[in-house]
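Structural overview for review
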Amino acid sequence: VDRKLSSQDALEKCRQLLDDNAVANFLSERGYKYVHIGSGYGEVRVDSADVDLNDTTSNSEYEEEALGLTPLNNATSMEVQKYNEHRSILNGVFDDLKYVGSTKGPKFVYAHALAPHPPFVFGDQGEPVNPKGSLTFADGSWLLNNISREDYIRGYTNQLKYINTKILDAVKRIISSSKKPPIIIVQGDHGSRMNMDWDYLERTDVREVFGILNAYYVPDYLRKDLYDSITPINSFRVILHDIFGAKLTKLPDRSYYSTSSEPVNFKDVTDSVSPKKH
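Reading the values: the criteria
- Residues numbered from 1 in each chain as written.
- Predicted model: local features only at pLDDT ≥ 70, side-chain atom pairs only at ≥ 80, totals over all residues.
- Heavy atoms only, no water.
- Helix = DSSP H or I, 4+ residues; strand = E, 2+ residues; numbered from the N terminus.
- Buried < 20%, exposed > 50% of the residue type's maximum accessible area, 1.4 Å probe, protein only.
- Areas by Shrake-Rupley, 256 points an atom, 1.4 Å probe, with all protein chains shown as cover.
- Salt bridge = Lys/Arg side-chain N within 4 Å of Asp/Glu carboxyl O.
- Pairing = 2+ DSSP bridges.
- Axes fitted to C-alpha atoms, helices over the stretch in contact; angles between N-to-C directions.
- Phe/Tyr/Trp six-rings, centres within 6.5 Å; stacked < 30°, edge-to-face > 60°.
- Polar contact = N/O pair within 3.5 Å; in protein donor to acceptor, adjacent residues only side chain to side chain.
- Contact = heavy atoms within 4.5 Å.
- Expected span 1.5 Å × (residues − 1).

Attention now moves to the overall build of the protein. If you tally the helices and strands in the protein, you get 10 helices and seven strands. Within the protein, the proportion of its 278 residues that are buried is 40%. Only carbon and sulfur atoms are counted for the fraction: they give 53% of the accessible area of the protein, which is about 15,900 Å².

Shown next as structure tokens:
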């Protein structure tokens with residue numbers, strides 16, 4: 001992505017790369033249907049899928065952050081409505097996921113759930129929670145301008161417990177309803193980011209930010225080619241190579257950080273992220 005682009009233009013270029021992705025194109029050429037289950041988050045919108053489920057797109061990330069962190073849009077009824085809509089979208093992701101395994105034909109399913117990422121709208125049993133103020137997707141140092149670290153920990157942990165039950169239920173339903181054993185990847189894109197400063201790398205705990213869930217349900221013969229330090233850049237390279245014989249070599253497992261003001265000015269933080277050897 002061109003570093004001279006504005007932040008919003010650079011993010012749109014990244015979204016287009018996600019939308020027109022090589023994995024979906026590879027599988028489409030082999031008869032797979034591309035199914036997208038949306039999160040309602042415009043920054044990761046997908047326009048190219050054959051089937052689009054849970055199709056609700058909210059304001060852009062920056063619009064939500066601007067509204068949520070200012071006195072604007074502070075009518076109580078509007079706040080509650082927005083939180084209800086967000087809960088409905090989150091539950092909709094898992095409701096749709098549970099049934100894709102029973103649909104006919106080969107399919108590549110990409111589902112994005114904007115959780116346990118803030119806002120923290122669920123308790124640990126799935127009960128509705130309405131945070132104070134307007135809905136915002138801000139996290140890290142931005143969110144900590146509005147809430148305490150204790151509230152961040154409590155909200156994130158409780159929402160995570162509930163989302164874990166939804167993911168496990170969806171995975172079990174996909175496996176039990178699939179005529180052929182499916183391949184399932186459950187990945188996070190970042191940690192809680194409570195210890196991330198959006199403006200300064202030196203104030204950020206990169207190990208906490210980059211620590212993600214990266215879980216695979218794959219055939220035994222493929223499992224041997226997965227490894228503890230694998231990053232998402234190599235997930236499909238390994239899978240497509242082992243299943244389809246795709247000539248894809250693994251790329252270096254590197255991690256990069258950028259600030260909010262320079263989102264495509266990447267700094268390599270791999271050495272800080274990798275577990276220290278004793």
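A few words now on the pattern of salt bridges. Opposite charge on two side chains makes pairing possible when the charged atoms of those side chains draw close. Inspection of every chain in the model, using the stated rule, returns 11 salt bridges. Between Glu29 and Arg30 there is a salt bridge, with its nearest N and O atoms 3.6 Å apart. When its relative accessible area of 40% is taken as the criterion, Arg30 is described as partly exposed. Of the charged contacts in the structure, one is a salt bridge between Arg154 and Asp151, with a shortest N-O distance of 2.7 Å.

Sheet strands line up and pair through hydrogen bonds in the backbone, either parallel or antiparallel. With parallel pairing, the three strands of this open sheet are ordered in space as 2-1-3. The sheet is open, and its two edges are formed by strand 2 (51-53) and strand 3 (107-111), each paired on a single side. Pairwise comparison of adjacent strand axes, ignoring direction, gives a mean angle of 15 degrees for this sheet. In this structure, strand 1 (residues 33-37) lies alongside strand 3, joined through five bridges in parallel fashion. From the neighbouring strand, Val35 faces strand 3, where its bridge partner is Val109.

Given two aromatic rings, their pairing is described by the distance between the two centres and the angle made by the two planes. What the rule picks out here adds up to nine aromatic pairs. Note on Tyr32 and Phe244: the rings are 6.1 Å apart at their centroids and 75 degrees apart in plane angle, and the pair reads as edge-to-face. Of this pair, Tyr32 sits in the loop between helix 2 (22-28) and strand 1 while Phe244 sits in helix 9 (residues 235-244), placing them 212 residues apart in sequence. On the basis of relative accessibility, which here comes to 26%, the residue Tyr32 falls in the partly exposed class. Assessed through its relative accessible area of 31%, Phe244 is described here as partly exposed. Judged by centre distance (4.6 Å) and plane angle (40 degrees), the ring pair of Phe122 and Tyr162 falls under tilted. Placement of the pair is Phe122 in the loop between strand 3 and helix 5 (140-143) and Tyr162 in helix 6 (residues 149-177), with a sequence separation of 40 residues. What makes Phe122 buried here is its relative accessible area of 3%. The exposure class of Tyr162 is buried, given its relative accessible area of 11%.

To continue, consider the side chain of Asp139. Inspection of the secondary structure puts Asp139 in the loop between strand 3 and helix 5. Under the relative-accessibility criterion, Asp139 is labelled buried at 1%. For Asp139, the side chain forms a polar contact with the side chain of Arg193, separated by 2.7 Å. Setting aside residues no more than four positions away along its own chain, Asp139 makes contact with His117, Pro118, Tyr152, His190, Arg193 and Trp198.

Let us look at helix 6. A rise of 1.5 Å per residue sets the reference length of helix 6, with its 29 residues, at 42 Å; its end C-alpha atoms lie 42 Å apart and thus fit the reference within 8%. Turning to helix 6, its buried residues are Tyr152, Gly155, Tyr156, Gln159, Tyr162, Ile163, Lys166, Ala170 and Ile174. Looking at the buried residues of helix 6, the elements they touch are helix 4 (76-100), helix 5 and strand 4 (184-187).

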